[in-house]
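Coordinate analysis (summary)
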Amino acid sequence: LGKVERGNLVAAVSATGTLNPVVSVQVGSQVSGQIKEIFVDYNSVVKQGDVIARIDPESFALRVNQAMGDLEAGRATAMTQRANVAALQAEVSRAEVALAEAERDYKRNQMLVEKGFVSQAALEKSQSAVAIAREQVKTAQAQRAVGDAQVRNGEALVKQRESQLAQAKVDLERTTIRAPVDGIVISRSVDAGQTVAASLQAPTLFLIARNLTDMQVEASIDESEIGRIAIGQDATFTVDSFPGRKKKKKITQV
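Residues numbered from 1 in each chain as written. Predicted model: local features only at pLDDT ≥ 70, side-chain atom pairs only at ≥ 80, totals over all residues. Heavy atoms only, no water.

1. Thoughts on the overall build of the protein chain
Looking only at helices and strands, the protein chain features two helices and twelve strands. Listing each helix as α and each strand as β along the protein chain from the N terminus yields β-β-β-β-β-α-α-β-β-β-β-β-β-β. Relative to the globule expectation of 18 Å for 254 residues, the C-alpha radius of gyration of the protein chain, 41 Å, shows a markedly less compact shape. Split into buried and exposed, the 254 residues of the protein chain put 22% on the buried side. (Helix = DSSP H or I, 4+ residues; strand = E, 2+ residues; numbered from the N terminus. Rg over C-alpha atoms; globule rule 2.2 N^0.38 Å. Buried < 20%, exposed > 50% of the residue type's maximum accessible area, 1.4 Å probe, protein only.)

This is the structure we're talking about:
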């Protein structure tokens, strides 16, 4: 018979998982195109802002040039429309001067008719001239209103084309892929000459780990045993690269 001894019982939960950096950043592309150059590889140390790849910028540069040409054309059209409005305003002024002159003639003829110096027909003729001059003023004002509307449309078109140019410049800048953080490249998913398509989701080109000395084990625990796991408990783990070497850590998240 064996001797009965007292001691602590240890309930251990075993699971397998993966060892990953605590912070890793996926680097993708917001524009589609052919990868022209790649400047980093696995284990490359990068600083934030470093150029790590470049997409062929030719087509994007052409779009910028096209947008610049469209903007200049829109500005020229807007300038012409503003000059046209100035000419239309001058027509309004001339029509108003002609109306004022016709009204003075009509009032003068009214006085002369009362004194018998001119005929009633002359008074009626000057009255018709006033009516015609008023219509000419209304016509000139309507034409100026149309010109004002054209100027507003032209200015709106210029703003739209300025936005298109700004977007084209942003897309051109996005052909240069830069490291968003300091770290180490742990994954490269593309090669030079490969085409990337950025549609609904930016394709992942690189994976950058911020600090490979700060790692975590992500493991899936069986449902029947997860209730025995709590934050702060001691845990040990081993990796296949170094069999027999155990590392003691803490559970930080469930």
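2. Remarks on the pattern of salt bridges
Tallying each qualifying case throughout the model produces 15 salt bridges. The salt bridge partner of Asp-105 is Arg-108, with a shortest N-O separation of 2.2 Å. With Asp-105 and Arg-108 both in helix H1 (residues 58-115) and three residues apart, this pair spans about one turn of that helix. For Asp-105, a relative accessible area of 27% gives the class partly exposed. Accessibility expressed as a relative area gives 43% for Arg-108, which makes it partly exposed. (Salt bridge = Lys/Arg side-chain N within 4 Å of Asp/Glu carboxyl O.)

3. Observations concerning the nonpolar core
Of all hydrophobic cores here, the largest spans 18 residues; its most connected members are Val-46, Ile-52, Ile-177, Leu-205, Phe-206 and Ile-208. Those residues in contact with Ile-177, other than ones at most four positions away along the chain, are Val-27, Gly-28, Ser-29, Asp-50, Val-51, Ile-52, Ala-53, Ile-55 and Leu-205. Judged by nonpolar contacts, the second largest core, of ten residues, contains Ala-95, Ala-102, Leu-123 and Ala-133. (Core = buried A, V, L, I, M, F, W, Y, C linked by side-chain atoms within 4.5 Å. Contact = heavy atoms within 4.5 Å.)

4. Let's talk about the confidence of the model for the protein chain
Confidence along the protein chain averages 91 in pLDDT terms, with 99% of residues attaining 70 or more. Least confident of the elements in the protein chain is strand E1 (residues 17-21), whose mean pLDDT is 88; most confident is strand E5 (residues 51-55), at 96. (pLDDT = per-residue confidence, 0-100.)

5. Observations concerning the packing of aromatic side chains
This structure, assessed with the given rule, holds zero aromatic pairs. The ring of Phe-242 is capped by Arg-245, whose NZ or CZ atom sits 4.8 Å from the centre of that ring. (Phe/Tyr/Trp six-rings, centres within 6.5 Å; stacked < 30°, edge-to-face > 60°. Lys NZ or Arg CZ within 6 Å of the ring centre and 35° of its normal.)

6. Brief notes about H1
Three or four residues apart is the spacing at which side chains of an α-helix point the same way, because the helix has 3.6 residues per turn. Helix length check: H1, at 58 residues, gives a terminal C-alpha distance of 86 Å against a target of 86 Å (1.5 Å per residue), a fit within 8%. Positive backbone phi, approximately 80 degrees, marks Gly-116, located one or two places after H1. (Expected span 1.5 Å × (residues − 1).)

7. As for the sheet that holds E5
Strand order in the open sheet made by the four strands is E6-E5-E3-E8, with antiparallel pairing throughout. Both edges of this open sheet fall to strand E6 (176-178) and strand E8 (195-196), since each of them pairs with a single strand only. Here E5 pairs with E6 via three bridges, running antiparallel. Bridged to Ala-53 within E6 is Ile-177. (Pairing = 2+ DSSP bridges.)

8. Here's the deal with the sheet that holds strand E7 (residues 183-188)
Strands belonging to one sheet form pairs held by backbone hydrogen bonds; the direction of such a pair is parallel or antiparallel. The strand order across the open sheet built from four strands is E2-E9-E7-E4, with neighbouring strands paired in antiparallel fashion. The two strands at the open ends of the sheet, each matched to only one other strand, are strand E2 (24-28) and strand E4 (45-46).

9. So, the packing of H1 against helix H2 (residues 120-174)
Where H1 contacts H2, the two axes come as close as 7 Å, and the packing angle between them is 165 degrees. In terms of axis orientation, H1 runs roughly antiparallel to H2. Along this stretch, H1 crosses H2, giving a crossing that reads as left-handed. When its residues are assigned to classes, the contact of H1 with H2 shows 29 nonpolar, 16 polar and 16 charged. (Axes fitted to C-alpha atoms, helices over the stretch in contact; angles between N-to-C directions. Parallel < 35°, antiparallel > 145°, perpendicular 65-115°, else oblique. Left-handed = near helix turned anticlockwise from the far one by under 90°. Nonpolar A, V, L, I, M, F, W, Y, C, P; charged D, E, K, R; others polar.)

10. Re the side chain of Ser-29
Examined against the element boundaries, Ser-29 turns out to sit in the loop between E2 and strand E3 (33-38). At 2.5 Å, the side chain of Ser-29 and the backbone oxygen of Val-31 are in polar contact. Apart from residues no more than four positions distant in its own chain, Ser-29 is found in contact with Ile-55, Ile-177, Val-196, Ala-198, Ala-202, Pro-203 and Leu-205. (Polar contact = N/O pair within 3.5 Å; in protein donor to acceptor, adjacent residues only side chain to side chain.)

11. Here we look at the pairing of E3
The pairing of E3 with E8 spans two bridges and is antiparallel. Directly across from Gln-34, in E8, lies its bridge partner Thr-195. Pairing geometry for E3 and E5, over three bridges, is antiparallel. Paired with Ile-35 across the two strands is Ile-55, which belongs to E5.

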